[in-house]
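# Per-entry structural report
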Amino acid sequence: MLAVITGGSGSGKSEYAESVATSLAKRDGLPLYYIATMRPFGAEGMWRVERHRKLRAGKGFETIECYVNLKGQTLPEKGVVLLECMSNLTANEMFEPEGAGNNTVEAVLAGVEALKDRCAHLVIVTNDVFSDGITYDEVTKLYQERLGTINRRIAAEADEATEVVCGIPLRLKK
């Protein structure tokens, strides 16, 4: 099963995604993997990583850090994967020296396809970075365009798509 969960910053999407992943793992007796894509920069980055670790504490997740090249990521065994998050992975592929650069969309989508083949269930978190109405520079617009393309393609293939607003999951696709 492929589930996509989106929402704005602080919406509760991570907590909801964790509940989906842990429920699937418990139901099917499978191991839980958390693929962390955020490279922590500075104090705020470290704070965010620590906050997410605390959210996952005691839930049985094995954390795997993967900043680029999702396609090359292996898993110890078939299980439930929570990939968090698509917006960080997209930025890493675009801007990291070892990233895919202009081939970001293709690299990320190929990575998702490969990961789907390696796990029983894949839960993907992504961010809604499209509705604030601010005018951005060309590089940021390109990032939004690429993330939007990736989100649309993944959601089209997903079995479930959910938007979390103020902690309330709104099912968009089942």
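No experiment lies behind these values; they were computed from the predicted model shown.

Parameters and conventions
- Residues numbered from 1 in each chain as written.
- Predicted model: local features only at pLDDT ≥ 70, side-chain atom pairs only at ≥ 80, totals over all residues.
- Heavy atoms only, no water.
- Phe/Tyr/Trp six-rings, centres within 6.5 Å; stacked < 30°, edge-to-face > 60°.
- Helix = DSSP H or I, 4+ residues; strand = E, 2+ residues; numbered from the N terminus.
- Buried < 20%, exposed > 50% of the residue type's maximum accessible area, 1.4 Å probe, protein only.
- 1 Å grid on protein atoms, 1.4 Å probe; cavity = no way out; pocket = protein on both sides within 12 Å on 5 of 7 lines; lining within 4 Å.
- Points joined across faces, edges and corners; volume = space filled by probe spheres on them.
- Pairing = 2+ DSSP bridges.
- Contact = heavy atoms within 4.5 Å.

It is worth spelling out the packing of aromatic side chains at this point. Any pair of aromatic rings gets described here by the distance separating the centres and the angle formed by the planes. Under the counting rule described, the total for this entry stands at one aromatic pair. With centroids separated by 6.1 Å and ring planes inclined at 85 degrees, the aromatic side chains of Y34 and F61 adopt a geometry described as edge-to-face. You can see Y34 sitting in strand β2 (residues 32-36) and its partner F61 sitting in strand β3 (residues 61-65), a full 27 residues away along the chain. Assessed through its relative accessible area of 4%, Y34 is described here as buried.

In this section: the layout of surface pockets. Its boundaries defined by the atoms lining it, the largest pocket holds a volume of some 770 Å³. Lining of the largest pocket is provided by 35 residues; of these, M38, R48, R51, H52 and N88 occupy positions nearest its centre. Of all the secondary-structure elements, those providing two or more residues to the lining of the largest pocket are α1 (13-28), β2, α2 (42-56), β3, α3 (86-95) and β5 (121-127). For the lining of the largest pocket, the element with the most residues is α2, which contributes 10 residues.

Moving on to the pairing of strand β7 (residues 168-173). Taken together, the five bridges between strand β6 (residues 160-165) and β7 define a ladder with antiparallel strand orientation. By the bridge assignment for β7, T162 is matched with R171. Hairpin connection from β6 to β7: two residues lie between these consecutive antiparallel strands, with C166 at a positive phi of about 50 degrees.

Here the focus is α3. Each α-helix winds once per 3.6 residues, and so residues spaced three or four apart point in a common direction. Within α3, seven of the 10 residues are buried, which leaves the element mostly enclosed by the surrounding structure. Of all the positions in α3, only M86, S87, L89, T90, N92, E93 and M94 are classed as buried. Of the surrounding secondary structure, the elements contacted by the buried residues of α3 are β4 (80-84), α4 (104-118), β5 and α5 (138-157).

Nothing here speaks to function; it is all geometry.
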